[in-house]
Number of protein chains: 2
Amino acid sequence: MSTLYGIGIGPGDPDLITLRALAVLRKTKVIAWPAPAGGESLARRIAARHLPGGCEEYAIRIPMDAARFPAEEIYARAARDLGVHLAAGRDVAVLCEGDPFFYGSFVYLFARMREAHRVEVVPGVSSLTACAAGLAAPLAAAADVLSVVPATLPEPNLRAALGNCDAAAVIKIGRHLAKVRKALAATGLLRHARYIERATLPNQRIVPLSEVGDGDAPYFSMILIHRRGCAWL
Amino acid sequence: MSTLYGIGIGPGDPDLITLRALAVLRKTKVIAWPAPAGGESLARRIAARHLPGGCEEYAIRIPMDAARFPAEEIYARAARDLGVHLAAGRDVAVLCEGDPFFYGSFVYLFARMREAHRVEVVPGVSSLTACAAGLAAPLAAAADVLSVVPATLPEPNLRAALGNCDAAAVIKIGRHLAKVRKALAATGLLRHARYIERATLPNQRIVPLSEVGDGDAPYFSMILIHRRGCAWL
């Protein structure tokens, strides 16, 4: 039976791919990747040097318009198209930035294909720990409760999620920075916040949060917080 | 200047190591790893096939007696000993299960050495996403708030941390399973809980939580929870 692989290719540095991901890519003849409607695929760029020659590639192009997310029709069509390859005996690998099951769009394919097909996920290095490494600051340790909080939430939800933990990672900052900053201030966490964008990519950027304008944060930015600084060290 | 590397070697499967971790291991002459007082080092076992011949090895042996944790004297001595190598111009790599900055013991060395030495962390695949892959269940997606909760916490803290999120991972289960089960029942999450132990290792085990005895869970076990099942799929 053919297999649909969700392959975690890591946060950006092509060397942060695993041996297992490489082994799967090298034996797979059909490779799919997500991309914005008209632009370059970050996932494909990360994996480019590792792709075998002569494989068939399939682009899953998702408009960046948040209102249409999760773009039902596009995933339904991709599931159908990739299902044809699987039914014909060809394994399919879907490239996933970071880890496929950690806030990735792979879940939308997984949901549509898991019943009819064999699915295997190869875990990858997530942006969460890549950002911690980039900031030279432990994410969490010992008995810390860690919250991972999408910046897309309404401000009261942000405050609730941030108020009840020792450490937090606010992900998907993008155009939500002003709101996130307000929630951090309201919960007394602003001075513990560290900002990083595009971790492990050549254009990685680390600056004090106070120097980032409210409209300046890219989607691939993150704020890490530890309530007690690193007091437990 | 010599470098102290914290190397994430992944959750257990030796093929879940990254190319970057391999490159550092191959050029480093001193390799340190944590181990229980009298037993085998899991970190060393994971990395064994990747270690270069002729490197010097240094064991950091920590008694499993929780009362003595974090074993101040042992980490102080290790920091001193590894510092001697660094001062003599020899890079040192510390093997870390999963990711060095994600609930790892590397932070205790990091805290003692970061001021006097150059430290670099190579992020790794964490047990969190490896467990999700093993369970074939997404960890979190879209606007989910994810809580990572150490089972070592008192029950009221467990309940507070579990009550306020969409998805959760309860880590370090070990001898705390009875307490965790109680907290899951109190927060209505028991039926959403999935249990896995030793993810990606040859003795990985997935069974319904109801079949695991309260005294039976190893330290390297985890419970993943999603409040709405996978309703967002």
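Residues numbered from 1 in each chain as written. Chains lettered and ligands numbered in written order. Predicted model: local features only at pLDDT ≥ 70, side-chain atom pairs only at ≥ 80, totals over all residues. Heavy atoms only, no water.

1. Focus on empty space enclosed by the protein
With the rule as written, the count across this model stands at 2 cavities of 30 Å³ or more. What lines the largest cavity is simply Phe102, Gly124, Val125, Ser126, Leu128 and Thr129 of chain A together with Phe102, Gly124, Val125, Ser126, Leu128 and Thr129 of chain B. Elements with a minimum of two residues in the lining of the largest cavity: helix H5 (127-135) of chain A together with helix H5 (127-135) of chain B. Partitioned by chemical class, the residues of the lining of the largest cavity number 6 nonpolar, 6 polar and no charged. Space inside the second largest cavity adds up to approximately 40 Å³. Every residue lining the second largest cavity is listed: Val145, Ser147, Ala161, Asn164 and Cys165 of chain A together with Ser147, Ala161 and Asn164 of chain B. Here the lining of the second largest cavity is built from residues that sort into 4 nonpolar, 4 polar and no charged. (1 Å grid on protein atoms, 1.4 Å probe; cavity = no way out; pocket = protein on both sides within 12 Å on 5 of 7 lines; lining within 4 Å. Points joined across faces, edges and corners; volume = space filled by probe spheres on them. Helix = DSSP H or I, 4+ residues; strand = E, 2+ residues; numbered from the N terminus. Nonpolar A, V, L, I, M, F, W, Y, C, P; charged D, E, K, R; others polar.)

2. Quick look at the sheet that holds strand E5 (residues 118-122) of chain B
The pairing of strands in a sheet comes from backbone hydrogen bonds and takes either a parallel or an antiparallel form. Residue and element names in this part refer to chain B. One open sheet accounts for 5 strands, arranged E3-E2-E4-E1-E5; its pairing is parallel. Edge strands, defined here as strands with exactly one partner in the open sheet, are strand E3 (56-62) and E5. Sheet twist, expressed as the mean angle between neighbouring strand axes with direction ignored, is 25°. In this structure, strand E2 (residues 30-36) lies alongside strand E4 (residues 92-96), joined through 3 bridges in parallel fashion. Its bridge partner being in E4, Val30 is matched across the sheet by Val92. (Pairing = 2+ DSSP bridges. Axes fitted to C-alpha atoms, helices over the stretch in contact; angles between N-to-C directions.)

3. Some remarks on the sheet that holds strand E3 (residues 56-62) of chain A
Residue and element names in this part refer to chain A. Spatial strand order, E3-E2-E4-E1-E5: 5 strands in an open sheet with parallel pairing. Of all the strands in the sheet, just E3 and strand E5 (118-122) have a single pairing partner and so form its edges. Between one strand axis and the next, the sheet turns by 25° as a mean value, whatever way the strands run.

4. Focus: the interface of chain A and chain B
Across the boundary between the two partners, chain A contributes 50 residues, which contact 50 residues of chain B. For the pair chain A and chain B, the summed buried surface comes to about 4,100 Å²; carbon and sulfur atoms form 67% of the total. On the surface where chain A and chain B come into contact, there are 2 salt bridges. Among the secondary structure elements, those contributing two or more residues to the side of chain A that touches chain B are helix H1 (19-27), helix H4 (106-113), E5, H5, strand E6 (146-150) and helix H6 (155-163) of chain A. Residue composition of the side of chain A that touches chain B, by class: 36 nonpolar, 7 polar and 7 charged. Where E6 of chain A meets strand E6 (residues 146-150) of chain B, 3 bridges bridge the pair, whose relative direction is antiparallel. Looking at the pairing, Val148 of chain A lines up with Leu146 of chain B of E6 of chain B. (Contact = heavy atoms within 4.5 Å. Buried area = accessible area lost by both parts, 1.4 Å probe. Salt bridge = Lys/Arg side-chain N within 4 Å of Asp/Glu carboxyl O.)

5. Focus: the packing of aromatic side chains
Across all of its chains, the model carries 12 aromatic pairs over all chains by this definition. With 5.3 Å between their ring centres and 90° between their planes, Tyr219 of chain A and Phe220 of chain A make a pair best called edge-to-face. When its relative accessible area of 40% is taken as the criterion, Phe220 of chain A is described as partly exposed. With a centroid separation of 5.0 Å and 70° between ring planes, the pair formed by Phe101 of chain B and Phe110 of chain B is classed as edge-to-face. Overall, Phe101 of chain B belongs to the buried group, its relative accessible area being 1%. Take Phe110 of chain B: its relative accessible area is 4%, and that puts it in the buried class. (Phe/Tyr/Trp six-rings, centres within 6.5 Å; stacked < 30°, edge-to-face > 60°. Buried < 20%, exposed > 50% of the residue type's maximum accessible area, 1.4 Å probe, protein only.)

6. Some words on the state of the cysteines
Residue and element names in this part refer to chain B. Per the stated rule, a full pass over the model turns up 0 disulfides over all chains. This cysteine, Cys55, is not joined by any disulfide, and Cys96 carries the nearest cysteine sulfur, 15 Å off. When its relative accessible area of 15% is taken as the criterion, Cys55 is described as buried. (Disulfide = S-S within 2.5 Å.)

7. Quick word on the confidence of the model for chain A
For chain A, mean pLDDT is 94; residues scoring 70 or higher make up 95% of the total. Across the interfaces of the predicted complex, the ipTM metric reaches 0.95, alongside a pTM of 0.96. (pLDDT = per-residue confidence, 0-100.)

8. Things to note about the relation of the copies chain A and chain B
For the pair chain A and chain B, the relating rotation is 180°, the translation along its axis is 0.0 Å, and the fit reaches an RMSD of 0.0 Å. Put plainly, the chains are arranged around a two-fold axis. Residue by residue, 100% of the interface of chain A is reproduced at the interface of chain B, so both copies engage with the same surface. (Least-squares fit on C-alpha atoms with pLDDT ≥ 70 in both.)

9. Here's the deal with helix H6 (residues 155-162) of chain B
Residues and elements named next belong to chain B. Those residues of H6 lying buried are Glu155, Leu158, Ala161 and Leu162. Seen end-on, H6 carries its buried residues on one side only, within an arc spanning 125°. In the core, the buried residues of H6 are packed alongside E6, strand E7 (167-171), helix H7 (177-186) and strand E10 (221-226). (Arc of directions from axis to C-beta.)

10. Here's the deal with the nonpolar core
In terms of nonpolar packing, the biggest core is built from 90 residues, with Ile60, Val94 and Leu109 of chain A together with Ile60, Phe106 and Leu109 of chain B touching the most fellow members. Once you skip the residues sitting within four places of it in the chain, Ile60 of chain A turns out to touch Ala32, Trp33, Pro34, Ala35, Ile74, Tyr75, Ala78 and Leu109 of chain A. Counting residues in hydrophobic clusters, the runner-up holds 48 residues, among them Ala161 and Tyr195 of chain A together with Val145 and Val180 of chain B. (Core = buried A, V, L, I, M, F, W, Y, C linked by side-chain atoms within 4.5 Å.)

11. Describing the environment of Ala161 of chain A
If you trace the backbone, Ala161 of chain A turns up in helix H6. Taking the relative accessible area as the measure of exposure, Ala161 of chain A reaches 5% and is therefore buried. If we skip the residues at most four places from it in the chain, Ala161 of chain A touches Ser147 and Val149 of chain A together with Val145 of chain B.

12. Considering the environment of Arg90 of chain B
All names here are of chain B. Inspection of the secondary structure puts Arg90 in the loop between helix H3 (72-87) and E4. By relative accessible area, Arg90 is classed as partly exposed at 35%. The sequence separation of Arg90 and Ala193 amounts to 103 residues, and the corresponding C-alpha distance is 47 Å. With sequence-adjacent residues up to four places away left out, Arg90 is seen in contact with Ser2, Val30 and His85. At 2.9 Å, the side chain of Arg90 forms a polar contact with the side chain of His85. (Polar contact = N/O pair within 3.5 Å; in protein donor to acceptor, adjacent residues only side chain to side chain.)

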